[in-house]
Amino acid sequence: MQHNKVLILDFGSQYTQLIARRVRELNIYCEIHPYNKIPTSIEEYKAVILSGSPFSVRGDDAPHPDLSQIRGKKPLLAVCYGAQYLAHFSGGEVAPSNTREYGRANLDFVKENEAFFAGISRGSQVWMSHSDTIKHLPTNGVLLASTHDVENAAFKIEGEQTYAIQFHPEVYHSTDGKQLLENFLVHIAKVNQDWTPQSFVEETVDGLKEKLGNDKVVLGLSGGVDSSVAAILLHKAIGKNLYCIFVNNGLLRKNEFENVLKQYEGMGLNVKGVDASARFLDTLKGLSDPEEKRKAIGNAFIEVFDDEAHRIEDVKWLAQGTIYPDVIESVSATGGPSATIKSHHNVGGLPDFMKLKIVEPLRMLFKDEVRRVGASMDMDKDLLGRHPFPGPGLAIRILGDLTREKIRILQEVDAIFIDNLKSWNLYDKVWQAGAILLPVNSVGVMGDERTYEKCVALRAVESTDGMTADWVNLPYEFLQKTSNEIINKVKGVNRVVYDISSKPPATIEWE
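Residues numbered from 1 in each chain as written. Predicted model: local features only at pLDDT ≥ 70, side-chain atom pairs only at ≥ 80, totals over all residues. Heavy atoms only, no water.

A word on the sheet that holds strand β12 (residues 271-275)
Next, step 1: With respect to topology, five strands assemble into an open sheet ordered β12-β11-β10-β13-β14, the strand pairing being parallel. Of all strands in the sheet, those with a lone pairing partner are β12 and β14 (357-359), marking the two edges. Direction aside, neighbouring strands of the sheet carry axes that sit 30 degrees apart on average.
Next, step 2: In the sheet, strand β13 (residues 315-319) pairs with β14 via three bridges, with the strands oriented parallel. Residue pairing in the sheet places Leu318 in a bridge with Ile358 of β14.
Next, step 3: Where helix α8 (residues 290-310) meets the sheet, it contacts β10 (216-221), β11 (242-248), β12 and β13, and its direction lies at approximately 135 degrees from that of β11. (Pairing = 2+ DSSP bridges. Helix = DSSP H or I, 4+ residues; strand = E, 2+ residues; numbered from the N terminus. Axes fitted to C-alpha atoms, helices over the stretch in contact; angles between N-to-C directions. Contact = heavy atoms within 4.5 Å.)

Structural data, given as structure tokens:
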């Protein structure tokens, strides 16, 4: 890419990817690299941002990168741990805070006529998340902002374009966080704002043409946004050499196999439907552990694609709709130290027996970015607005082992829930929704007779990229109607509950 690039060094914070999202919202391209794998071609980057971290700079295991090629040579913004790192190792003092500084705070001092805080005034809300605090500024440190409890909330280093903040501008609760990042990147670092969906399409298609040449590619379609956008990008690059396969793994929503195949008609794609439901269900028989189910599904997908690839002469590549959150949660921030949450069926490479190489056009995009890219290519709005659906399908919404009867029950419940969201004009106000079949039975009464049947949980969240999410406050009348309809129409269910957990601490899916 010919754009100005911003380097984000990951010290293990769960917020690191939010920094990347905020930077990209400014139409600036950025990359995340682990703190201990700083790119050797540092001259390619116009500015550098240091992330937060769960570590303490005072600990023996604290991340300790060599910043000699960055400090004083590149505009540098240090966030939270990064700020403490600059202070601790540059003549300042970091000590444990008397009380853990976590949550909302307000700036009660902001240095006047300071470009870093242009457009931001006293009273601006910021988000704190740290247990250490900076007691004394580093050598040549100049105080820029304070809160009631944190004196050294922001500072700069005299003689350098180095800035540091104790709070998190990337978090929604820091109300002027985007302005602060814009001040640093655009006005101080002079980074160009030219990374747009249109430029991504042009550069990605050119890159795919160069990478793939006349090779044939097989792509697994899911009917969702990610794989569909990936398919259009690949189609633009290689045309008839793209072979799309939509697999029925037996874990799709009700009637989804037929509906998705119809959805792709008229898009110019070469799509083949493969019913492998029996194969998947046999593979999953007796498995109840979430990770075992995910891995079994991933292996089965690979086997199906391998079989189909052998039916295509000289196919060399397997394309996937992998996006950034998949990679983050599976392999921990591109190899960085942040915690692995769960594995994803489409992340982690191919087994040795499969001779296909992987191509992932969307690997560095967040979900909202994928939608914007799709819109820039004039893709169908209904397709782009479709809720995310997990690759393992209903397998991770049926807690415990799988049976055909459990799948039938959840398909019926899910259909009622989604159809009602659409008929009540709520579907587009929800980022993701689905039903979960719980591994418990409960006592009920129907027609004066005792029942002992399944309980299902309904889940609806609002989010932008799936990294964080809040539960949606659906109308009571909607929940009442949906619950009654499920219990009356779905044999085997006598109780419905609504999940009001946010992410974090919960994840969107239950497994």
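Next comes the rest of the account.
Comments concerning the pairing of β13
Next, step 1: Burial of β13 is extensive: four of the five residues sit out of reach of the surface.
Next, step 2: Here four bridges tie β10 to β13, and the two strands are oriented parallel to one another. Residue pairing for β13: Leu219 is matched across the bridge by Ala319. (Buried < 20%, exposed > 50% of the residue type's maximum accessible area, 1.4 Å probe, protein only.)

Some thoughts on the UniProt feature "binding site: ATP" (unreviewed entry) in the chain
Next, step 1: The UniProt entry lists Ser222, Gly223, Gly224, Val225, Asp226, Ser227 and Ser228 under the feature "binding site: ATP" (unreviewed entry), expressed in the numbering used here.
Next, step 2: Here Gly224 lies in the loop between β10 and α5 (225-238).
Next, step 3: In this structure, Gly224 is in contact with Tyr264, Leu383 and Arg386, ignoring residues within four places of it in sequence.
Next, step 4: Tracing the sequence through the fold places Ser227 in helix α5.
Next, step 5: Discounting chain neighbours no more than four positions away, the residues touching Ser227 are Leu219, Gly220, Leu221, Ser222, Tyr264 and Gly321. (UniProt positions renumbered as here; feature names shortened; annotations may be inferred.)

So, the side chain of Asp10
Next, step 1: Within the element layout of this structure, Asp10 appears in strand β1 (residues 5-10).
Next, step 2: Buried charge without a partner: Asp10 forms no salt bridge, and the closest opposite charge is Lys37, 11 Å away.
Next, step 3: Among the polar contacts made by the side chain of Asp10, one reaches the main-chain amide nitrogen of Gly12 at a distance of 2.8 Å. (Lys, Arg positive; Asp, Glu negative; His and termini not counted. Salt bridge = Lys/Arg side-chain N within 4 Å of Asp/Glu carboxyl O. Polar contact = N/O pair within 3.5 Å; in protein donor to acceptor, adjacent residues only side chain to side chain.)

Focus: the packing of helix α4 (residues 197-212) against α5
Next, step 1: Following both chains from N to C, one finds α4 and α5 inclined at 55 degrees, their axes separated by 8 Å at the closest point. The orientation of α4 with respect to α5, classified from their angle, is oblique. As α4 packs across α5, the resulting crossing turns out to be right-handed. In this structure, α4 contributes Phe200, Val201, Thr204, Val205, Leu208, Lys209 and Leu212 to the contact, and α5 contributes Leu233, Leu234, Lys236, Ala237 and Ile238. (Parallel < 35°, antiparallel > 145°, perpendicular 65-115°, else oblique. Left-handed = near helix turned anticlockwise from the far one by under 90°.)

Examining the nonpolar core
Next, step 1: Counting residues in each nonpolar core, the largest one holds 52 residues, and the members touching the most others are Val247, Val413, Leu421, Leu474 and Ile486.
Next, step 2: Of all hydrophobic cores here, the second largest spans 45 residues; its members include Ala20, Val110, Ile165 and Leu185. (Core = buried A, V, L, I, M, F, W, Y, C linked by side-chain atoms within 4.5 Å.)

Comments concerning unusual backbone geometry
Next, step 1: A cis amide bond, omega -15 degrees, links Lys503 with the succeeding residue Pro504.
Next, step 2: Within the fold, Pro504 resides in the segment after β18 (493-498).
Next, step 3: Omega for the bond connecting Pro504 with Pro505 falls within 30 degrees of zero, at 15 degrees, which places this linkage in the cis form.
Next, step 4: Position of Pro505 relative to the elements: it lies in the segment after β18.

Description of the packing of helix α7 (residues 277-284) against α8
Next, step 1: Running from amino to carboxyl end, α7 crosses α8 at an angle of 145 degrees, the nearest separation of the two axes being 10 Å. Considering the relative orientation of α7 and α8, their crossing is right-handed. Residue-level inspection shows Arg279, Phe280, Thr283 and Leu284 of α7 in contact with α8, the latter providing Lys293, Ala296, Ile297, Ala300, Phe301, Glu303, Val304 and Asp307.
Next, step 2: Broken down by class, the residue content of the contact of α7 with α8 amounts to seven nonpolar, one polar and four charged. (Nonpolar A, V, L, I, M, F, W, Y, C, P; charged D, E, K, R; others polar.)

Topic: α5
Next, step 1: Across its 14 residues, α5 extends 20 Å between first and last C-alpha, which sits within 8% of the 20 Å expected from 1.5 Å per residue.
Next, step 2: In terms of residue burial, α5 counts as a mostly covered element, since twelve of its 14 residues are buried.
Next, step 3: Of the residues making up α5, those classed as buried are Val225, Asp226, Ser227, Ser228, Val229, Ala230, Ala231, Ile232, Leu233, Leu234, Ala237 and Ile238.
Next, step 4: Contacts made by the buried residues of α5 are with α4, β10, β11, β13, α10 (367-376) and α11 (381-384).
Next, step 5: One or two residues past the end of α5 sits Gly239, with phi positive at roughly 55 degrees. (Expected span 1.5 Å × (residues − 1).)

Thoughts on helix α1 (residues 16-25)
Next, step 1: For α1, the tally of buried residues reaches nine of ten residues, placing the bulk of the element in the interior.
Next, step 2: All buried positions along α1 are accounted for by Thr16, Gln17, Leu18, Ile19, Ala20, Arg21, Arg22, Val23 and Arg24.
Next, step 3: Once α1 ends, the next one or two residues include Asn27, with phi positive near 60 degrees.

Some remarks on the UniProt feature "active site" (unreviewed entry) in the chain
Next, step 1: As annotated in UniProt, the feature "active site" (unreviewed entry) corresponds to Cys80, His168 and Glu170 in the numbering used here. The named residues occupy 91 residues along the chain; their greatest pairwise C-alpha distance, 11.2 Å, places them in one compact cluster.
Next, step 2: Among the residues examined, His168 registers a relative accessible area of 2% and is labelled buried.
Next, step 3: Leave out the neighbours within four places in its chain, and His168 touches Tyr15, Gly52, Val79, Cys80, Trp127, Ser129 and Ser174.
Next, step 4: Among residues more than four places away in sequence, those in contact with Glu170 are Tyr15, Leu18, Ile19, Arg22 and Val79.

Observations regarding the pattern of salt bridges
Next, step 1: Across all of its chains, the model carries 27 salt bridges by this definition.
Next, step 2: With its nearest N and O atoms 2.8 Å apart, the salt bridge here joins Arg253 to Asp414. Here Arg253, found in the loop between β11 and α6 (256-263), pairs with Asp414, found in helix α12 (residues 404-423); they are 161 residues apart in sequence, far enough to count as distant.
Next, step 3: Given the relative accessible area of 11%, Arg253 is considered buried.
Next, step 4: What makes Asp414 buried here is its relative accessible area of 2%.
Next, step 5: Where Lys489 meets Glu485, a salt bridge forms, and the shortest distance between an N and an O atom there is 3.2 Å. With a gap of four residues between them, Lys489 and Glu485 both fall in helix α13 (residues 476-489), about one helical turn apart.
Next, step 6: Classification of Lys489 by relative accessible area gives exposed; the value is 60%.
Next, step 7: Through salt bridges with shared partners, a single network forms among Arg21, Arg22, Glu25, Asp368 and Arg372.

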